[in-house]
Amino acid sequence: MKKVIIYAFTMLLACVTLNTYAQEQPRIPEASSTQTIIQDFGLGKITITYSRPNVKGRKIFGGINPYGEVWRTGANAATTINFSENVLIEGNKVPAGTYSLFSIPGQNTWTIILNKTVKQWGAYSYKKEDDFLRFTVKPITVKEKRETFTMAFANSTTKNTDLYIIWDHTAVPIHMQTDDDAQITANIEKLMQGDIKKRPYFNAIQYYYENDKDLKKAMQWALEAEKLEPNGPWYKLWKARIQLKMGNKGAAIATAQQGVKLAKDSNDDEYVRLNEAVISQAKD
């Protein structure tokens, strides 16, 4: 019994010692920091995790990243990109899922690669036969130097976005589109058949307007929404925008003028400005 107690005590002491030792170890930051970026896109999200090396005075493309060779598109582990919904990338259909994002830099064109094998370290175990998709894009020379390798989304709407790969004086844009318009439209149609007081008029009107869908239907919704909120300058705004898009400039000006008055009455400077912008566009 005594031996058991001594053994248990010894093991406990060892655990405490190891824990204390681990806690006392200094932490060292990674030379290339890791970043995760998330972009809402249509009904889903795009999530990218990558490591960010720095230029450090080196020649980057055509130098430490030779032209014509597969690159992990970052540092450390290969960059991963996850789509929670189906998307279109440069016109190519990509199912929801997670992929490794490799690239082959070139002076005039880059090859972008979505590979089905994730959790790779660098491109050392990269296999072309595991590629899901390859396509080419054109790089852009930028005046301002980007010291730290960066991936960022720009020009994002409910239907489109551009992913930029940026490092040193090079930027590479990749255009993406949602592939869920049919589902979104079906969802809107279903919701707009429900209780009139709970219908998502604002979002439905905006989606139809911005995606060039049935403007007559969008106008019908705008008229219904006006009745529910007669003092709301936002519905005057969208009604005026629809009228202008349908080519009825006179009606758009009259509706936007009503919106300006309602916005001024409620001290809403934003909707004063937005309605006045429609008036200005209609008069051009």
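What counts, and at which threshold
Residues numbered from 1 in each chain as written. Predicted model: local features only at pLDDT ≥ 70, side-chain atom pairs only at ≥ 80, totals over all residues. Heavy atoms only, no water. Buried < 20%, exposed > 50% of the residue type's maximum accessible area, 1.4 Å probe, protein only. Helix = DSSP H or I, 4+ residues; strand = E, 2+ residues; numbered from the N terminus. Pairing = 2+ DSSP bridges. Expected span 1.5 Å × (residues − 1). Polar contact = N/O pair within 3.5 Å; in protein donor to acceptor, adjacent residues only side chain to side chain. Core = buried A, V, L, I, M, F, W, Y, C linked by side-chain atoms within 4.5 Å. Contact = heavy atoms within 4.5 Å. Phe/Tyr/Trp six-rings, centres within 6.5 Å; stacked < 30°, edge-to-face > 60°. Lys NZ or Arg CZ within 6 Å of the ring centre and 35° of its normal.

### So, the pairing of strand β6 (residues 97–104)
- Taking burial as the measure, the 8 residues of β6 include 6 buried ones, the bulk of the element.
- The sheet contact formed by strand β3 (residues 80–83) and β6 spans 4 bridges and is antiparallel. The residue bridging isoleucine 81 from the neighbouring strand is tyrosine 99, located in β6.
- Judged from the 5 bridges that link them, β6 and strand β7 (residues 110–115) form a sheet pairing that is antiparallel. What sits directly across from serine 100, in β7, is asparagine 115.
- Here β6 folds back onto β7, and the loop between the two strands holds 5 residues.

### A few points about unusual backbone geometry
- The phi angle at lysine 119 is positive, at roughly 60°, despite the residue not being glycine.
- Here lysine 119 shows up in the loop between β7 and β8 (131–137).
- A positive phi angle is found at aspartate 212, which is not glycine, with a value near 55°.
- With respect to the helices and strands, the residue aspartate 212 is situated in the loop between α3 (201–210) and α4 (215–228).
- The class of aspartate 212 is exposed, set by a relative accessible area of 57%.

### Regarding α4
- Compared with the 20 Å implied by 1.5 Å per residue over 14 residues, the 20 Å span of α4 between its first and last C-alpha is a close match.
- Buried within α4 we find Leu215, Ala218, Met219, Trp221, Ala222, Glu224, Ala225 and Glu226.
- Looking at where α4 begins, the residue whose side-chain oxygen comes 3.1 Å from the main-chain nitrogen of lysine 216 is aspartate 214.

### Quick notes on the nonpolar core
- Among the nonpolar cores identified, the biggest contains 32 residues, and Ile188, Tyr201, Ile205, Trp221 and Ile242 are the most heavily contacted of them.
- Residue contacts for tyrosine 201: discarding those within four places in its chain leaves Met192, Ile196, Trp221, Glu224, Ala225, Leu228 and Tyr235.
- Counting 31 residues, the second largest nonpolar core, distinct from the first, contains Phe83, Ile112, Met151 and Trp167.

### Points about the pairing of strand β1 (residues 33–41)
- For β1 and strand β2 (residues 44–52), the ladder comprises 9 bridges, and the chain directions are antiparallel. Each bridged residue has a counterpart across the sheet, and for glutamine 39 the counterpart in β2 is isoleucine 46.

### Observations regarding the packing of aromatic side chains
- Throughout the structure, instances matching the rule amount to 16 aromatic pairs.
- Where tyrosine 209 meets tryptophan 238, the ring centres are 5.3 Å apart and the plane angle is 75°; that geometry is what we call edge-to-face. With tyrosine 209 in helix α3 and tryptophan 238 in helix α5 (residues 233–245), this residue pair connects regions lying 29 residues apart in the sequence.
- Accessibility expressed as a relative area gives 4% for tryptophan 238, which makes it buried.
- Three or more aromatic residues link up through ring pairs in this structure, and these residues are Tyr50, Phe61, Trp71, Trp110, Phe149 and Trp167.
- When the ring centre of tyrosine 208 is taken as reference, the NZ or CZ atom of lysine 213 above it lies at 5.9 Å.
- A cation over a ring is seen here: lysine 245 above tyrosine 209, with NZ or CZ 4.2 Å from the ring centre.

### Examining the environment of threonine 161
- Among the structural elements, threonine 161 can be located in strand β10 (residues 160–178).
- Judged by relative accessible area, which is 0%, threonine 161 ranks as buried.
- Counting along the chain gives 72 residues from threonine 161 to isoleucine 89, while the straight-line C-alpha distance between them is 9.8 Å.
- Not counting the four nearest positions on each side in its chain, threonine 161 is found in contact with Phe41, Ile46, Phe153, Ala154, Asn155, Ser156, Ile174, His175 and Met176.
- One polar contact links threonine 161 to serine 156, side chain to side chain, over a distance of 2.6 Å.

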